[in-house]
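The lines below spell out each chain.
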Amino acid sequence: MRLFEGTQFDIPPKCERCGKLLAECQCPPPPKAWLAPEKQTARLAVEKRKKGKVVTVVRGLSAEGNDLAALLTLLKNKCGAGGTIEGDEVEIQGEHLERVREILAGLKYKVRT
Ligand SMILES: [Zn+2]
């Protein structure tokens, strides 16, 4: 409830960026505040899944603090493999430990295997 809400003295809130009334504002939502990569440690593992399928798994990077979708796309392109995101884990099909390590290190993540 705003001060004076519903009275003739009411001042409807305005957007700080475009100055329009919030009800009319069309500004895009603010970008997410991602965590600094150099302050995070990614843990890499190569694991066997059902039917002998081998995957490279990246753990330790939270979905809230990292653009995991963008990371997945990058890893898939660089590894030439498929992959998925499961919660806070990024999974790339196949054995790509060294390449994933290089890519993450290039993004300034600390990497542990
Ligand atoms: Zn606005």
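Above this text sits the structure in question.
Structural notes, computed from the coordinates.

Rules used throughout
Residues numbered from 1 in each chain as written. Predicted model: local features only at pLDDT ≥ 70, side-chain atom pairs only at ≥ 80, totals over all residues. Heavy atoms only, no water. Core = buried A, V, L, I, M, F, W, Y, C linked by side-chain atoms within 4.5 Å. Buried < 20%, exposed > 50% of the residue type's maximum accessible area, 1.4 Å probe, protein only. Helix = DSSP H or I, 4+ residues; strand = E, 2+ residues; numbered from the N terminus. Contact = heavy atoms within 4.5 Å. Donors = N, O, S within 2.8 Å, 3.2 Å for Na, K, Ca; no water. Tetrahedral: all angles 85-135°; square planar, octahedral: opposite > 155°, others 65-115°. Salt bridge = Lys/Arg side-chain N within 4 Å of Asp/Glu carboxyl O.

## Considering the nonpolar core
Moving on, step 1. Counting residues in hydrophobic clusters, the biggest one holds 17 residues, and the most contacted among them are V58, L61, L71, L75, V90, V100 and L104.
Moving on, step 2. Looking at this core, the elements that each hand over two or more residues are β1 (41–48), α1 (68–79), β4 (89–93) and α2 (97–106).
Moving on, step 3. Counting residues per element, this core draws most heavily on α1, at 5 residues.
Moving on, step 4. The residues touching V58, leaving out its near neighbours within four places in the chain, are A42, R43, L44, L75, D88, E89, V90, V100 and L104.

## Considerations on the coordination of the zinc ion
Moving on, step 1. Distances from the zinc ion to its protein donors, C15 (SG), C18 (SG), C25 (SG) and C27 (SG), fall at 2.3 Å.
Moving on, step 2. Between the 4 donor atoms coordinating the zinc ion, the angles at the centre fall across 104 to 119°, so the site counts as tetrahedral.
Moving on, step 3. Counting along the primary sequence, the residues that act as donors to the zinc ion give the motif C-x2-C-x6-C-x1-C. Of the two residues, C15 is situated in the segment before β1 and C25 in the segment before β1; the sequence distance between them amounts to 10 residues.

## Details of the pattern of salt bridges
Moving on, step 1. In the structure shown here, the tally under the stated rule is 5 salt bridges.
Moving on, step 2. Residue R59 is joined to E89 by a salt bridge in which the shortest nitrogen-to-oxygen separation is 2.9 Å. Of the two residues, R59 is situated in strand β2 (residues 54–59) and E89 in strand β4; the sequence distance between them amounts to 30 residues.
Moving on, step 3. The class of R59 is partly exposed, set by a relative accessible area of 22%.

## Re unusual backbone geometry
Moving on, step 1. The backbone phi angle of K51 is positive, close to 60°, even though this residue is not glycine.
Moving on, step 2. Here K51 shows up in the loop between β1 and β2.

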